[in-house]
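# Summary of the model geometry
Below, each chain spelled out in residue letters.
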Amino acid sequence: MSKRPRLRSKGDTPLIDPAVTALVLITCREDDHGVLSEDVRSGYQRNLRALSAAAGVAGVPIFVLMRTVSPDDRNYTISDLPEHRSYVAGPLSSLWSSGAFTQDLQNENRSAVVIAGFWLEYDVLTTALNALADGYDTYLALDAAPARSPTGARVSLERLLQFGATPTLSSQVIHEWCHESEDASKRQALSELMATLIVG
């Protein structure tokens, strides 16, 4: 796929602007979720919930990518997800290779993506690399993108940085969406969501 034109240049603002951003969430299979300890899992869940709720407030489109092995395979996803679109890939295909997903994302005319979900060294990594190759400004919400191992996290982050991805935190994304929003009620709601992460 050829690189798509940017809606606005990166130089227009140093912050993540919700007007040009899409949120891409990657689910894991329900039985994979037990890899994380309860404390770690609850922290990631909190960050994913806050990030998706903030996207709903800020008018950022949400895309949920998942893979399935069989009709009975259940994907873990966060509860109370705002309006979103879901896409399913097979067990061995790239999540980014779904023509419906990439076309729908392109139709949103967004120049940046924030990526979160499971697992950093696998589907998050390949999705982010494909987003970069297609010309998107790519942000990784690292506190909402767990890795299966510390080594995997370190190596993946080094590789993503080399290719131009920008690491960030869920609270930072929400904070920047708050600053860039022109609606006072949205700024207030985003500020309250950000506070739950900073205090938590």
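Residues numbered from 1 in each chain as written. Predicted model: local features only at pLDDT ≥ 70, side-chain atom pairs only at ≥ 80, totals over all residues. Heavy atoms only, no water.

Regarding its fold elements, the protein presents six helices and eight strands. Starting at the N terminus, the α and β elements of the protein follow one another as β-β-α-β-β-β-α-β-α-β-α-β-α-α. Here the protein, with 200 residues, has 50% of them falling under the buried criterion. Long-range pairs, those at least 24 residues apart, make up 77% of the contacts in the protein with a sequence separation of at least 6. Accessible surface for the protein amounts to roughly 9,500 Å². Of this, 51% is attributable to carbon and sulfur atoms. (Helix = DSSP H or I, 4+ residues; strand = E, 2+ residues; numbered from the N terminus. Buried < 20%, exposed > 50% of the residue type's maximum accessible area, 1.4 Å probe, protein only. Contact = heavy atoms within 4.5 Å. Areas by Shrake-Rupley, 256 points an atom, 1.4 Å probe, with all protein chains shown as cover.)

Along the chain, the position of cysteine 178 falls in helix 5 (residues 170–180). You can call cysteine 178 buried: its relative accessible area is 12%. Along the sequence, cysteine 178 and proline 18 sit 160 residues apart, while their C-alpha atoms lie 8.6 Å from each other. Beyond its immediate stretch of four places on either side in the chain, cysteine 178 contacts Arg187, Leu190 and Ser191.

The six strands are arranged 5-3-1-6-7-8 in an open sheet whose pairing can be described as parallel. Either end of the sheet is taken by a strand with one partner, and the two such strands are strand 5 (85–89) and strand 8 (166–168). Across this sheet, the average inter-strand angle for adjacent strands is 25°, counted without regard to direction. Both strand 7 (residues 137–141) and strand 8 contribute to a ladder of three bridges, which runs parallel. If you follow alanine 141 over to strand 8, its bridge partner there is threonine 168. Of the strands in this sheet, strand 1 (21–26), strand 3 (62–67), strand 6 (112–117) and strand 7 are in contact with helix 1 (residues 38–58), which crosses strand 1 at around 145°. Helix 3 (residues 120–133) contacts strand 1, strand 3, strand 6 and strand 7 of the sheet and is inclined by roughly 175° relative to strand 6. (Pairing = 2+ DSSP bridges. Axes fitted to C-alpha atoms, helices over the stretch in contact; angles between N-to-C directions.)

The next point concerns the pattern of salt bridges. Tallying each qualifying case throughout the model produces two salt bridges. Here aspartate 123 makes a salt bridge to arginine 67, at a shortest N to O gap of 2.8 Å. Of the two residues, aspartate 123 is situated in helix 3 and arginine 67 in strand 3; the sequence distance between them amounts to 56 residues. (Salt bridge = Lys/Arg side-chain N within 4 Å of Asp/Glu carboxyl O.)

This next bit is on the confidence of the model for the protein. Counting all residues, the mean pLDDT for the protein is 87, and 85% of those residues have values of 70 or more. In the predicted structure, residues 5–11 sits below a pLDDT of 50 and forms 14 contacts with residues beyond four places in sequence or in another chain. (pLDDT = per-residue confidence, 0-100.)

So, about helix 3. One full turn of an α-helix is made of 3.6 residues, so residues set three or four places apart face in the same direction. With 10 of 14 residues buried, helix 3 is to be regarded as a mostly interior element. Inspection of helix 3 places Leu120, Glu121, Asp123, Val124, Leu125, Thr127, Ala128, Leu129, Ala131 and Leu132 among the buried residues, and these make up the whole buried set. On its buried face, helix 3 sits against strand 1, strand 3, strand 6, strand 7 and helix 4 (150–162). Just downstream of helix 3 lies glycine 135, where phi reads positive at about 90°.

With that out of the way, let us pick up the nonpolar core. Within the largest apolar cluster, 33 residues are counted, with the highest numbers of intra-cluster contacts made by Leu23, Leu25, Leu51, Val114, Ile174 and Trp177. If you list the elements that add at least two residues to this core, you get strand 1, helix 1, strand 3, strand 6, strand 7, helix 5 and helix 6 (184–199). The biggest single contributor to this core is helix 1, with seven residues. Once you skip the residues sitting within four places of it in the chain, leucine 51 turns out to touch Leu23, Val114, Ala116, Ala141, Ser170, Val173, Ile174 and Trp177. (Core = buried A, V, L, I, M, F, W, Y, C linked by side-chain atoms within 4.5 Å.)

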